Amino acid sequence: MLTVWDRALIVAVMAMAALSFFLLPKAIGAAGRERAVIIQSGSRPIQSFPINEDRVINIDRQDGFCVVQVKAGRVRVKNSDCPKKLCKSQGWIDDIGEPIVCLPHQTVINVSSKSAEGSKVDAVVR
Amino acid sequence: MKPLRNIVWLSMLLGVGIIVQAVEALYLPSLIIPGAKLGLANSITLLVMIMFTWKDAVLHVAVRVLTVSLITGTFLSTTFLYSLAGGLASTFVMIIWLRYFYGAFSFAGVSLMGALTHNITQLLLSVLILGHIGIMTLLPWLIFMAIITGVPNGLMVNVLEPRLEKATAQLLNT
């Protein structure tokens, strides 16, 4: 029933499956672990930084200020002059899908990633 | 105008293809990974391109996908897009494989190439539609699934095809 070439093809395809099984996670992982911090004002992204470089960002708006700190692969709002300080009390974030929102200033701090690889969430719907 | 006999055969094969795909889509659970199916309809497509021309096979797939999408209520949805893209891509690869490599490979090899193309096309399309490279993680599984669905389908065609040829020959003689 199966010719020699059929068998060869089956073996080749199995090898392909095995090869991709071992090589793909590395290829995807490398692209996926590049995380960035994106700061949005309203729906408009205003600034973007790599998450693995420590820095402090001051966001000054007419209606107030917001101090964002990036440290050791995490982000938080260090200080803000908004009344309830919800953004500040959220603490550190380091994963996609958990944005910090400072509603009075319409400021959103998000972690972005090309892939959910190594993330706590499975996928993000856009 | 095609002979009446051809039209009857093509209609019957189309009917079988539609029923098989619709029943699979509606009543059979996914195999191992989400969205993986037996792909029995693919073997019917293979029969069409063996017994008739490659144009008939392309038309067969287009009409089958359209009709099944109407049955399952997925017409013009992304499911329909996946189905059409996978179906047409695998059909074209099988046509080429059948024309140039049949002999060295049996229908099982042709069917395996079709299943492989179908799965990879749908995966690439889903990366495009969902904009998320992480879906590629499914690739090894889908390649593996192509073997365990494509080869049995092809083996079935290996058995069916000579019998169908014999049946048509008998019909012509009487």
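Residues numbered from 1 in each chain as written. Chains lettered and ligands numbered in written order. Predicted model: local features only at pLDDT ≥ 70, side-chain atom pairs only at ≥ 80, totals over all residues. Heavy atoms only, no water.

### Some remarks on the sheet that holds strand S4 (residues 64-71) of chain A
Residue and element names in this part refer to chain A.
- Spatially, the 3 strands line up as an open sheet ordered S3-S4-S5, and their pairing is antiparallel. Edge positions in the sheet fall to strand S3 (55-61) and strand S5 (74-80), since each has one partner strand and no second. Sheet twist, expressed as the mean angle between neighbouring strand axes with direction ignored, is 20 degrees. (Pairing = 2+ DSSP bridges. Helix = DSSP H or I, 4+ residues; strand = E, 2+ residues; numbered from the N terminus. Axes fitted to C-alpha atoms, helices over the stretch in contact; angles between N-to-C directions.)

### As for the nonpolar core
- Counting residues in hydrophobic clusters, the biggest one holds 44 residues, and the most contacted among them are A:Val13, B:Leu46, B:Met49 and B:Leu112.
- At the level of secondary structure, the elements contributing two or more residues to this core comprise helix H1 (4-32) of chain A together with helix H1 (4-27), helix H2 (40-51), helix H3 (54-72), helix H4 (78-101), helix H5 (107-130) and helix H6 (139-173) of chain B.
- Top element by residues in this core is H6(B). It accounts for 9 residues.
- One finds A:Ile59, A:Val75, A:Cys87 and A:Val111 within the second-largest nonpolar core, a separate group that totals 18 residues. (Core = buried A, V, L, I, M, F, W, Y, C linked by side-chain atoms within 4.5 Å. Buried < 20%, exposed > 50% of the residue type's maximum accessible area, 1.4 Å probe, protein only.)

### Digging into the domain arrangement of chain A
- Looking at the assigned domains, one finds that chain A contains domain 1 (1-32) and domain 2 (34-113).
- Domain 1 of chain A and domain 2 of chain A are separated by 43 Å when their C-alpha centres are compared. (Domains from an automatic or database assignment.)

### Considerations on the packing of H2(B) against H4(B)
All names here are of chain B.
- Contact geometry of H2 with H4 gives a least axis separation of 11 Å together with a crossing angle of 45 degrees. With respect to H4, the element H2 is oriented oblique. The crossing of H2 and H4 is right-handed. Along the contact surface, H2 presents Asn 42, Thr 45, Leu 46, Met 49 and Ile 50, while H4 presents Ser 90, Thr 91, Met 94, Ile 95 and Leu 98.
- By residue class, the composition of the contact of H2 with H4 is 6 nonpolar, 4 polar and no charged. (Parallel < 35°, antiparallel > 145°, perpendicular 65-115°, else oblique. Left-handed = near helix turned anticlockwise from the far one by under 90°. Contact = heavy atoms within 4.5 Å. Nonpolar A, V, L, I, M, F, W, Y, C, P; charged D, E, K, R; others polar.)

### Quick look at the packing of H1(B) against H3(B)
Residue and element names in this part refer to chain B.
- For the pair H1 and H3, interaxial distance at closest approach is 9 Å and the crossing angle is 40 degrees. Taken together, the axes of H1 and H3 are oblique relative to one another. Like other packed secondary-structure pairs, H1 and H3 cross with a definite hand, here right-handed. For the pair H1 and H3, contact is made by Leu 10, Leu 13, Leu 14, Gly 17, Ile 18, Gln 21, Ala 22, Ala 25 and Leu 26 and by Asp 56, His 60, Val 63, Arg 64, Val 65, Thr 67, Val 68, Ile 71 and Thr 72, respectively.
- The residue makeup of the contact of H1 with H3, split by class, is 11 nonpolar, 5 polar and 2 charged.

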